[in-house]
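# Notes for the structure review
Below are the chains, spelled out letter by letter.
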Amino acid sequence: MTPTSSASSGFSILAWITLFVGAALIWVGASVTTTGAGMAFSDWPLSSGSVNPPGWLYVQPQLLEHGHRLLASSVGILVLSMFLWQWRHSNKPLWIPAILVASFVLMLLTVHSADGIAKGSESAVVKFVTSIGIGERALWSASIIIAGSVLIWLLRLLLDANVLPLLKLTSAALVVVVIQAILGGLRVLAVSDPFGIAHGCLGQLFFCLLVFMALMASRAWKHGEIIASGRVTRRLQLLSTALFAATSMQLLFGAIVRHTQRAGLAATDLFTTGHQFLPPSQPFDVFSIFLHKTWALVVFVLAISTAVAARRPWRVHGWVAALPILLVMLPIIQITLGVFVLFSNKKFWVTNIHVLNGLIFLAATLVTMITAWRAYSAPGNPSRKYAGHE
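This one's a predicted model, so the numbers in the text were calculated from it and none came from an experiment. (Residues numbered from 1 in each chain as written. Predicted model: local features only at pLDDT ≥ 70, side-chain atom pairs only at ≥ 80, totals over all residues. Heavy atoms only, no water.)

Our next topic: the overall build of the protein. If you tally the helices and strands in the protein, you get 13 helices and zero strands. The order of α-helices and β-strands along the protein, N terminus first, is α-α-α-α-α-α-α-α-α-α-α-α-α. Rg of the C-alpha trace for the protein: 23 Å, near the compact-globule value of 21 Å for 390 residues, within the 12% margin. For the protein, the spread of C-alpha atoms along the principal axes amounts to about 75 × 65 × 35 Å. (Helix = DSSP H or I, 4+ residues; strand = E, 2+ residues; numbered from the N terminus. Rg over C-alpha atoms; globule rule 2.2 N^0.38 Å.)

Right, here's the structure in full:
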């Protein structure tokens, strides 16, 4: 069995569906942050103690927040389906992932019960738990143990050398789903901006993982079209890696600004920040905007450099030829949108399209990096031969 034999047209379709639902989830998540709807419900994983709280469709903050939770659950189910697909393809027993799913559901119930006891909830689950004498501390301890056990088992699977790449990727996606759910819950229960920032950043890196799975399950990957992308140099490999790392860092700076300045930006001037070219580190809300604007220039320079390095080797290779064009166009669009975010002081549509374009650009940098690494490491690559690797 070859490393890519676990890919099929059916799995590829499932991977693309998950990718599009994941993009919708990030859009709705951005909407929650932009409108400040994150605390429309003070409990988690249920909303006002219910799977389907009454009237949530007619109150915008509840619509966004509960809709975000429903979409997150849908993505979790889709990722689990991909994992089960790869697990079954590997001829492994199905009772193991069944225990995994049951453990995760049990973790959610214990968290809900512990939070419900603390807040005096009257839900049926909380009433049942209190009736049998289980305390809040015991429930929190149980949820931590269960979540830790699930993550350790999945991480062991990731480190197993005999596991096929797509099963490893779906396992990694499950790990991230579990962590992402925990971070989202902690953001609500602890009313914490740091958890919100971590949740937002991990969500976009999770989207990169979905892109990687869709790419690996594609015909282009299976039939070696990516490897056949021509002469790829070590310079392009290093530039694309630096670009992806820099773009990921820019996401962190953007998430800090979005989650700590919900009511409005602390500085909306364009060429200066707070009317200074180099503002002090305090107050940090002004300095964080400075970091976000300055680092955007670093990302832009790296994007142009990578596009120039990739233009010649990839100019005649189908969809791969579009990557250098995207690396030029998307940062220009992103910077333009960023300027409008400043001038409009975070108007909803401008801000959300800025987030979405940034997500697309991050995906483009990821695909560029993966393509460069795979093409460079392919046997027979003329650049490797010239450099003395063959």
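Looking now at the state of the cysteines. Here the structure, examined in full by the defined rule, presents zero disulfides. Looking at cysteine 201, it has no disulfide partner, and the nearest cysteine sulfur is the one in cysteine 208, 11 Å off. Given the relative accessible area of 15%, cysteine 201 is considered buried. Given a relative accessible area of 5%, cysteine 208 falls into the buried group. (Disulfide = S-S within 2.5 Å. Buried < 20%, exposed > 50% of the residue type's maximum accessible area, 1.4 Å probe, protein only.)

Two numbers describe how helix α2 (residues 60-89) lies on helix α6 (residues 165-189): the axes approach to 9 Å, and their chain directions differ by 155 degrees. Overall, the two elements α2 and α6 adopt an arrangement that is roughly antiparallel. Crossing of α2 against α6: the hand is left-handed. Of α6, the residues touching α2 (which contributes Glu65, Arg69, Gly76, Val79, Leu80, Met82, Phe83, Gln86 and Trp87) are Leu166, Leu167, Thr170, Ser171, Ala173, Leu174, Val177 and Val188. Its residues assigned to classes, the contact of α2 with α6 comprises eleven nonpolar, four polar and two charged. (Axes fitted to C-alpha atoms, helices over the stretch in contact; angles between N-to-C directions. Parallel < 35°, antiparallel > 145°, perpendicular 65-115°, else oblique. Left-handed = near helix turned anticlockwise from the far one by under 90°. Contact = heavy atoms within 4.5 Å. Nonpolar A, V, L, I, M, F, W, Y, C, P; charged D, E, K, R; others polar.)

Moving on to helix α11 (residues 322-344). The end-to-end C-alpha separation of α11 is 32 Å, in line with the 33 Å expected for 23 residues at 1.5 Å each. Among the residues of α11, Leu323, Pro324, Leu327, Leu330, Pro331, Gln334, Leu337, Gly338, Val341, Leu342 and Ser344 are the ones counted as buried. Backbone geometry just downstream of α11 places asparagine 345 in the positive-phi region, at approximately 55 degrees. (Expected span 1.5 Å × (residues − 1).)

The omega angle of the peptide bond from tryptophan 44 to proline 45 is 5 degrees, so this bond is cis rather than trans. Turning to its location among the elements, proline 45 is positioned in the loop between α1 (9-35) and α2. Each neighbour pair has its own omega, and for glutamine 282 with proline 283 the value is 0 degrees, a cis peptide bond. With respect to the helices and strands, proline 283 occurs in the loop between α9 (234-260) and α10 (284-311).

Before going further, it helps to examine the nonpolar core. With 72 residues, the main nonpolar core has Val79, Met82, Phe83, Phe206 and Phe207 as its most contacted residues. Leave out the neighbours within four places in its chain, and methionine 82 touches Phe11, Leu14, Ala15, Thr18, Thr170, Leu210 and Met213. (Core = buried A, V, L, I, M, F, W, Y, C linked by side-chain atoms within 4.5 Å.)

So, about the packing of aromatic side chains. Tallying each qualifying case throughout the model produces ten aromatic pairs. Arranged with centres 5.7 Å apart and planes meeting at 40 degrees, the rings of tryptophan 27 and tryptophan 349 form a pair that is tilted. Here tryptophan 27 is found in helix α1, whereas its partner tryptophan 349 is found in helix α12 (residues 348-377), with 322 residues between them in sequence. On the basis of relative accessibility, which here comes to 57%, the residue tryptophan 349 falls in the exposed class. For the pair phenylalanine 348 and tryptophan 349, a centre-to-centre distance of 5.3 Å together with 90 degrees between the ring planes defines the contact as edge-to-face. Three or more aromatic residues joined by ring pairs form one cluster here, namely Trp27, Phe348 and Trp349. (Phe/Tyr/Trp six-rings, centres within 6.5 Å; stacked < 30°, edge-to-face > 60°.)

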